[in-house]
Amino acid sequence: MNGENKPYSTFESLVAHLWRVITKARSLSSHVTTHARISVNGRARLNPRVPNEYSGNLVLWALPRTKVKDLLREPLPYAAKLIHDAVAKVNDNYFKSFIDFANHKVVEEDLIPTADADKSTLFPNIDVDSWLRFQFYDLDFGEGCPYIFLPSYFPMEGLMFLLPSFIGDGSIDAFVTLLRDHLDSFKQICYSLD
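For clarity, every value in this text was computed on a predicted model and none was experimentally measured.

(A) Inspection of the pattern of salt bridges at higher detail. Scanning the entire structure with this criterion turns up 6 salt bridges. Across the pair R37 and D127 runs a salt bridge whose closest N-O atoms are separated by 2.6 Å. A residue pair is termed long-range when its members are at least 10 positions apart, and R37 in strand β1 (residues 33-41) and D127 in strand β4 (residues 126-130) qualify at 90 residues. For R37, a relative accessible area of 10% corresponds to the buried category.

In structure tokens:
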């Protein structure tokens, strides 16, 4: 349960679980800090609300972070709360503050990118992209709906894409990129809530 006496969402619970499992599979040192970079859609968070038909980029990142020892020692709700709280902070005020900053101070500041296109690993962090609300299977280009939708090849370790399952039963497909050295460990523990 989060601070509002509501259960954590499926998204928060699934990302919390996978963040812990990926961290454990990587055998990270307990003193290392890890974060999950989560893309947050601003359309519903801005007031007034931005229509879904808006085609511009309206995404900022939430960055829950913790020490590896805390992420793995504490129960699953600890990670879910970190995620819930970080995403909740990316609200109307946060988006408007970013827009103000981008319009007035971006030229004056010596900005450093938070994403490095030359890196091929996010180790010890993860990057989470949720495409759960995209209506891929409602698309029809004249031949009916797609049989399956998959993210394209992107050679970056530590990415996580969450998509509605092609089965159509409400389940979620999680696509996780890991280094080959961590894959066997991940496969052994990903279905355990320990």
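(B) Spatial organisation of the pairing of β1. Across 3 bridges, the pairing between β1 and strand β3 (residues 65-67) is antiparallel. In the sheet register, H35 faces β3, and the bridge partner there is R65. Here β1 runs beside β4; their pairing, made up of 3 bridges, is parallel. Along β4, the bridge assignment pairs A36 with I126. Two strands pair when backbone bridges link them, and β1 and strand β2 (residues 59-62) are joined in this way by 4 bridges, in the antiparallel orientation. Along β2, the bridge assignment pairs S39 with W61.

(C) Inspection of unusual backbone geometry at higher detail. Residue P48 is reached from N47 by a cis peptide bond, and omega for that bond is 5°. Along the chain, F123 connects to P124 via a cis peptide bond; the corresponding omega equals 10°. When you line up the elements, P124 lands in the loop between α4 (92-104) and β4.

(D) Local environment of the packing of helix α1 (residues 10-25) against helix α3 (residues 76-89). Contact pair α1 / α3: the axes reach a minimum separation of 8 Å and the direction vectors enclose 120°. The hand of the α1/α3 crossing is right-handed. Judged by residue contacts, F11, E12, S13, V15, A16, H17, W19 and R20 of α1 engage L76, A79, A80, L82, I83 and H84 from α3. Partitioning the contact of α1 with α3 into residue classes produces 9 nonpolar, 3 polar and 2 charged.

(E) Local environment of a nonpolar patch on the surface. Together, Y147, I148, L150, F166 and I167 make up a nonpolar patch on the protein surface, roughly 530 Å² of accessible area in all. Assignment of secondary structure puts L150 in the loop between β4 and β5 (159-164). With relative accessibility at 46%, the residue L150 sits in the partly exposed group.

Conventions and cut-offs
- Residues numbered from 1 in each chain as written.
- Predicted model: local features only at pLDDT ≥ 70, side-chain atom pairs only at ≥ 80, totals over all residues.
- Heavy atoms only, no water.
- Salt bridge = Lys/Arg side-chain N within 4 Å of Asp/Glu carboxyl O.
- Helix = DSSP H or I, 4+ residues; strand = E, 2+ residues; numbered from the N terminus.
- Buried < 20%, exposed > 50% of the residue type's maximum accessible area, 1.4 Å probe, protein only.
- Pairing = 2+ DSSP bridges.
- Axes fitted to C-alpha atoms, helices over the stretch in contact; angles between N-to-C directions.
- Left-handed = near helix turned anticlockwise from the far one by under 90°.
- Contact = heavy atoms within 4.5 Å.
- Nonpolar A, V, L, I, M, F, W, Y, C, P; charged D, E, K, R; others polar.
- Patch = residues over 30% accessible without salt bridge, like charges linked within 9 Å, V, L, I, M, F, W, Y side chains within 5 Å.
- Areas by Shrake-Rupley, 256 points an atom, 1.4 Å probe, with all protein chains shown as cover.

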